[in-house]
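Observations on chain architecture
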Amino acid sequence: MEGAHEKPAESSSSVPRFEEPAGSAGAPEVLPPEESEGCARSLDAAPKKLCGYLSKFGGKGPIRGWKSRWFFYDEKKCHLYYSRTAQDANPLDSIDLSSAVFDCKADAEEGTFEIKTPSRIITLKECSCHHSTDEETEPRKAKEPQGLGPDPDSLLWPRAGAVSEASTKQVMVYWLQQLQMKRWEFHSSPPAPPAVPDAALAANGPTLRLELEQEEAELEDFLCPVQTPPGLVGVAAALQPVPAMPLALQNISLKHLGTEIQNTMYNIRGNRQAQGTGHGPPGEDPLLSVEPWRTEQPLPSDPGTPGKDPADSPKSTPKSSLTANLIQKAKRQNSTFPFFAEGFTWTRTAQEKVLALEQQVLMLTKELKSQKELVRILHKALEAAQQEKRASSAYLAAAEDKDRLELVRHKVRQIAELGRRVEALEQERESLLQTAGLQEQQVQELRRHVQLLMDKNQAKQQVICKLSEKVTQDFTHPPIQPPGPPGAANRDFLSQQEKMEHLKDDMEAYRTQNRFLNSEIHQVTKIWRRVAEKERALLMKCAYLQAKNCQVESKYLAGLRRLQEALGGEATECSELLKQLIQEALQWEAGEASADGVELSPISEYDEYGFLTVPNYEMEDLKLLAKIQALEVHSHHLLAHEAVERPLRERWAALGDLAPSVELKQLLRAGVPREHRPRVWRWLIHLRVQHLRSPGRYQELLNRGQVREHPATRQIELDLNRTFPNNKHFTCPTSSFPDKLRRVLLAFSWQNPTIGYCQGLNRLAAIALLVLEEEESAFWCLVAIVETIMPADYYSKTLMSSQVDQRVLQDLLLEKLPRLMAHLGQHHVDLSFITFNWFLVVFADSLISNILLRVWDAFLYEGTKVVFRYALAIFKYNEEAILRLQDGLEIYQYLRFFTKTICNSQKLMNIAFNDMNPFPMKQLQQLRMAHRERLQAELHELEQLKAEYLETRNSQGPAVPEGCTSEDEGEGDA
């Protein structure tokens, strides 16, 4: 709307004021020349504000019905406000269009449409509709007398009300299209910060305009844009009289009676101000002088009207006085209810604009002062930090206990500051979670609305098709009627023609509704996609903040651990405080996490495969270390979720049928997502055992075990209770996994009698059960590992191949990590005590489940070479930490649990498959052959020594020293 400005709010309401024209169309002489030229331009070419009178259906009881309301759209909030008249100071209510959908029904009253929000449905129509007579609002077929057709002469002229119906339809479609565009503009525009630089606005402007132009072009494909209805929307609507109602009381909103009273008082106050500056005769009642003033001094429509001197024209009157008189006259003219004066709102004068600019300057000045104050505070904080740093350096240089105590207090202050930062991050995360929840609700609501609109659209299309077929049949095969009088035939023909006209109108209405609903579905779908993208972005940001929160908490716990190590076993006040802080840190998750009702990805007690996320160590130091480790693992998981795991899931989903290839090899090394892992493992196992597998083999072995007991049954029963004590599936009394594991191990002992059962097989079978869940699949997985992947004699009584691999690993460590091996040799550390179990159970007891299963993904496809790669990568990952240890016993203690401290699976995988290259399989085979020959020679030599010893012992005979009695003699005496 050209020249539209906001009126200064005189009320305490928080909603924006309605925008009104700066000048009246009936008094162009009060406008500046440039504004007059602007008003002369086309309404379609000038920027317009969406406002106008509409009838809203509402109320209760006797006053329920259509009420005239002035509607005004607020672009900042995407709300459609409405009041009783355009001159009211406060709106009655508003409609949130951001989550609303629009609908128009072809079978409803002409010009009626609906705005559907998640909380209510608002029915509106063009305000002139209720001015029509009762005959016009009744169905058209009821206008004709019974038994008579229409007057033949009437067919030569347009039907009664056709022009008004066309205008009503134009207003309805215009409002629907404009509301659609306003909603799209709101969702397309990014949320602006409190203060956006002009340069940023200028940069974002072309992009936003381009998006809006594209959306307008897409909507034009569904429904042609409607021109602005003249005199019914915008400035022209504000200049029209308030639509009259049959009863003045019917237009009053009893639901918002307080707002109505405020608006009435505002209008009365405006009337009194206008009367104070009016031109009526002194002492004359203003209510009685309105009509004579209007007849004697009509508003001029042209500044250059002949017969009037410019000095005598109303131009000589001050602008504010003339505007007040215009407002007073319009209010008296448009009054429709006693004691409720209505008219035009005051326009903003040049002085008011200057005052507004001065207020803006004052606000900017205050903001500048606050920024200067902030800079001054930051300078003071920086100086305080520097002083504290110098004091800490002095305390570190001092050697007395008092100075060390001050250092501990300084660290405690730092810990408190970290705690406050953690609380701030938690608050920000909670706000983001609430925002994400609201977005999810809006998305679900939009989905339901889209589905309803699609169903309705389909039903309407079927109705259109049936009507079209009926019309076609009526044209091609007209019904045969018996001959009658000439007048009756003429009347029947005219009646049929009238019905065809009605059907054409109905078809046109259904086409319009169909096109609009198609555009509505199209736009709502695009809005839903944008909301989904925003929701994903919020979830990513929330995951990032939670990961940072875990990192801060991990650093906090690490700081507590270092302070504990620095204090040692001294019983001081600081040590007691430190102990209390450690207890609170260890117990935080149980208390705080349960109080937090909504959490994006909490640190649960067990992971997705049932392993404890925080190992239950008995020693206090190890408990703190386990909590630090769990926080770091969770942090790495959150940070890698969107950057690594989501693209990996997409690649696996698009892979299709599995077949050996380089791409599959790379995907298996990166890890298999949990939802695809059972299927992939079954395929890998089938490749290994397809020549050994036969239908019914597993059940046959179980039946054999029921007939007679296997010698290894007792050892299997002993190892069942020792299988993964940190996994709930094997420790819960009601779990079915121990029974499944027993049957799998017994079946394997009958499958391979040369091995029977070896300690370590229980862990291999347990991992297979956790992933595959089926007994038979876990059994064949165990067969594939023992009989096809691992070398022969790996699980035999001599463990020949296992010992060979330990020697091969020593050679590879000397080649790949010479500095580490020199350090371990200096302290006489034998790594085979640590690594032997790694190879025997493929890291089942060593790595956390997230990394362990990724190792198994590649191991089942590539074989034992993967075990060597990861063994080398584990030492490379912790090389610097081991080099810092300078005592052999301390190194052994660290090597007991150092694999559990590995949190970054991506880093470990890169070391294993990139940093350890080249790693040819030929070299591994040569090393195995060489060490097997040496080991066999050593064993042969030991056998010879044993045989010589037994031969010497036998040659000497069972000699009994003097004074000793043999067992046989003792028994004989007894």
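No experiment lies behind these values; they were computed from the predicted model shown.

Details of the environment of Glu 717
Along the chain, Glu 717 turns up in helix α17 (residues 713–720). Taking the C-alpha atoms as reference, Glu 717 lies 9.8 Å from Pro 738; in sequence the two are 21 residues apart.

As for the UniProt feature "coiled-coil region" (unreviewed entry) in the chain
In the numbering used here, UniProt assigns the feature "coiled-coil region" (unreviewed entry) to residues 354–442 and 493–520. Taken as a whole, residues 493–520 contains 100% helix and 0% strand, while its terminal C-alpha atoms sit 40 Å from one another.

Looking at the side chain of Arg 677
As for its position among the elements, Arg 677 is in helix α15 (residues 677–689). We classify Arg 677 as buried; its relative accessible area is 5%. Looking at Arg 677, its side chain comes within polar contact range of the side chain of Asp 857, at 3.0 Å.

Concerning the packing of α15 against helix α20 (residues 761–772)
Where α15 meets α20, the closest approach of the two axes is 9 Å, and the angle between their N-to-C directions is 130°. The orientation of α15 with respect to α20, classified from their angle, is oblique. Residue-level inspection shows Arg 677, Pro 678, Trp 681, Arg 682 and Ile 685 of α15 in contact with α20, the latter providing Ile 767, Ala 768, Val 771 and Leu 772. The residue inventory of the contact of α15 with α20, partitioned by class, reads seven nonpolar, no polar and two charged.

Description of the sheet that holds strand β5 (residues 79–83)
Strand order in this open sheet of seven strands is β6-β5-β4-β3-β9-β8-β7, and the pairing throughout is antiparallel. Every other strand in the sheet has two partners, leaving β6 (93–96) and β7 (101–103) as the edge strands with one partner each. On average, each strand axis in the sheet is tilted by 35° relative to the strand beside it, whichever way the strands run. The pairing of β7 with strand β8 (residues 112–116) spans three bridges and is classified as antiparallel. Looking at the pairing, Phe 102 lines up with Ile 115 of β8. Packing against the sheet, helix α10 (residues 401–476) makes contact with β7 and β8, and its axis sits at approximately 20° to β7.

So, the pattern of salt bridges
Considering all chains together, one arrives at 29 salt bridges under this definition. Between Asp 857 and Arg 677 there is a salt bridge, and its shortest N-O distance comes to 3.0 Å. Of this pair, Asp 857 sits in helix α25 (residues 849–862) while Arg 677 sits in helix α15, and the two are 180 residues apart along the sequence. The same class applies to Asp 857 as to Arg 677, namely buried. Between Lys 876 and Glu 879 there is a salt bridge whose closest N-O contact spans 3.5 Å.

Some points on the packing of α15 against α25
The N-to-C vectors of α15 and α25 enclose an angle of 30°; their axes lie 9 Å apart at closest approach. Comparing the axis directions of α15 and α25 gives the class roughly parallel. Both α15 and α25 take part in a crossing whose hand is left-handed. Every residue of α25 that contacts α15 at Arg 677, Trp 681, Trp 683, Leu 684 and Arg 688 is listed here: Leu 853, Arg 854, Trp 856, Asp 857, Phe 859, Leu 860, Tyr 861 and Glu 862.

Brief notes about a nonpolar patch on the surface
Taken together, Leu 254, Leu 257, Ile 261 and Met 265 make up a surface patch of nonpolar side chains, about 400 Å² in accessible area. Looking at the secondary structure, you find Ile 261 in helix α6 (residues 257–276).

A few points about the packing of aromatic side chains
The tally for this structure, following the rule as stated, stands at 19 aromatic pairs. Centre to centre, the rings of Trp 681 and Trp 856 are 5.9 Å apart; their planes meet at 15°, and the pair counts as stacked. Residue Trp 681 is found in helix α15, and its partner Trp 856 is found in helix α25; the two are separated by 175 residues along the sequence. Given the relative accessible area of 0%, Trp 681 is considered buried. Put simply, the rings of Trp 838, Phe 843, Phe 875, Tyr 894, Phe 897 and Phe 898 pair up and form one aromatic cluster. One residue, Arg 674, lies across the ring of Tyr 609, its end atom 5.3 Å from the ring centre. One residue, Lys 907, lies across the ring of Tyr 877, its end atom 4.7 Å from the ring centre.

With respect to the nonpolar core
The biggest cluster of nonpolar side chains holds 116 residues, and the ones touching the most others in it are Leu 761, Ile 785, Tyr 795, Phe 843, Phe 875 and Leu 895. Ignoring anything within four residues of it in the chain, the contact list for Ile 785 reads Leu 764, Met 790, Tyr 795, Trp 856, Phe 859 and Leu 860. Ile 95, Ala 100, Ile 115 and Val 531 belong to the second-largest nonpolar core, a separate cluster that totals 37 residues.

Regarding α25
Its 14 residues place the ends of α25 20 Å apart at the C-alpha level, agreeing with the 20 Å of an ideal helix rising 1.5 Å per residue. Burial runs high along α25: eleven of the 14 residues are buried. Of the positions making up α25, those classed as buried are Ser 849, Ile 851, Leu 852, Leu 853, Arg 854, Val 855, Trp 856, Asp 857, Ala 858, Phe 859 and Leu 860. Positive backbone phi, approximately 100°, marks Gly 863, located one or two places after α25.

Notes on α17
For α17, the full list of buried residues reads Thr 713, Ile 716, Asp 719 and Leu 720. One face of α17 carries all of its buried residues, which in axial projection span an arc of 125°. On its buried face, α17 is in contact with α19 (737–751) and α20.

Observations regarding the pairing of strand β3 (residues 51–58)
Of all eight residues making up β3, seven are buried, and the element is well covered by its neighbours. In terms of strand pairing, β3 meets strand β4 (residues 65–74) through eight bridges, oriented antiparallel. Note on β4: the bridge partner recorded for Ser 55 is Ser 68.

Quick word on the environment of Phe 57
Along the chain, Phe 57 turns up in strand β3. Overall, the relative accessible area of 34% leaves Phe 57 in the partly exposed class. Linking Phe 57 and Lys 125, residues 68 residues apart in sequence, is a C-alpha distance of 8.5 Å. Apart from the residues within four sequence positions on either side, Phe 57 is in contact with Arg 64, Gly 65, Trp 66 and Thr 123.

Some points on the side chain of Ser 846
The residue Ser 846 is located in the loop between α24 (832–841) and α25 in this model. Looking at Ser 846, its side chain comes within polar contact range of the side chain of Trp 838, at 3.3 Å. If near-sequence neighbours (up to four positions away) are discounted, Ser 846 is found in contact with Trp 838, Thr 899 and Lys 900.

Brief notes about the environment of Leu 254
Considering the arrangement of structural elements, one finds Leu 254 in the loop between α5 (235–239) and α6. Leu 254 sits in the exposed class, given a relative accessible area of 54%. For the pair Leu 254 and Gly 59, spaced 195 residues apart in the sequence, the C-alpha separation amounts to 8.0 Å.

Thresholds, definitions, all that
Residues numbered from 1 in each chain as written. Predicted model: local features only at pLDDT ≥ 70, side-chain atom pairs only at ≥ 80, totals over all residues. Heavy atoms only, no water. Helix = DSSP H or I, 4+ residues; strand = E, 2+ residues; numbered from the N terminus. UniProt positions renumbered as here; feature names shortened; annotations may be inferred. Buried < 20%, exposed > 50% of the residue type's maximum accessible area, 1.4 Å probe, protein only. Polar contact = N/O pair within 3.5 Å; in protein donor to acceptor, adjacent residues only side chain to side chain. Axes fitted to C-alpha atoms, helices over the stretch in contact; angles between N-to-C directions. Parallel < 35°, antiparallel > 145°, perpendicular 65-115°, else oblique. Contact = heavy atoms within 4.5 Å. Nonpolar A, V, L, I, M, F, W, Y, C, P; charged D, E, K, R; others polar. Pairing = 2+ DSSP bridges. Salt bridge = Lys/Arg side-chain N within 4 Å of Asp/Glu carboxyl O. Left-handed = near helix turned anticlockwise from the far one by under 90°. Patch = residues over 30% accessible without salt bridge, like charges linked within 9 Å, V, L, I, M, F, W, Y side chains within 5 Å. Areas by Shrake-Rupley, 256 points an atom, 1.4 Å probe, with all protein chains shown as cover. Phe/Tyr/Trp six-rings, centres within 6.5 Å; stacked < 30°, edge-to-face > 60°. Lys NZ or Arg CZ within 6 Å of the ring centre and 35° of its normal. Core = buried A, V, L, I, M, F, W, Y, C linked by side-chain atoms within 4.5 Å. Expected span 1.5 Å × (residues − 1). Arc of directions from axis to C-beta.

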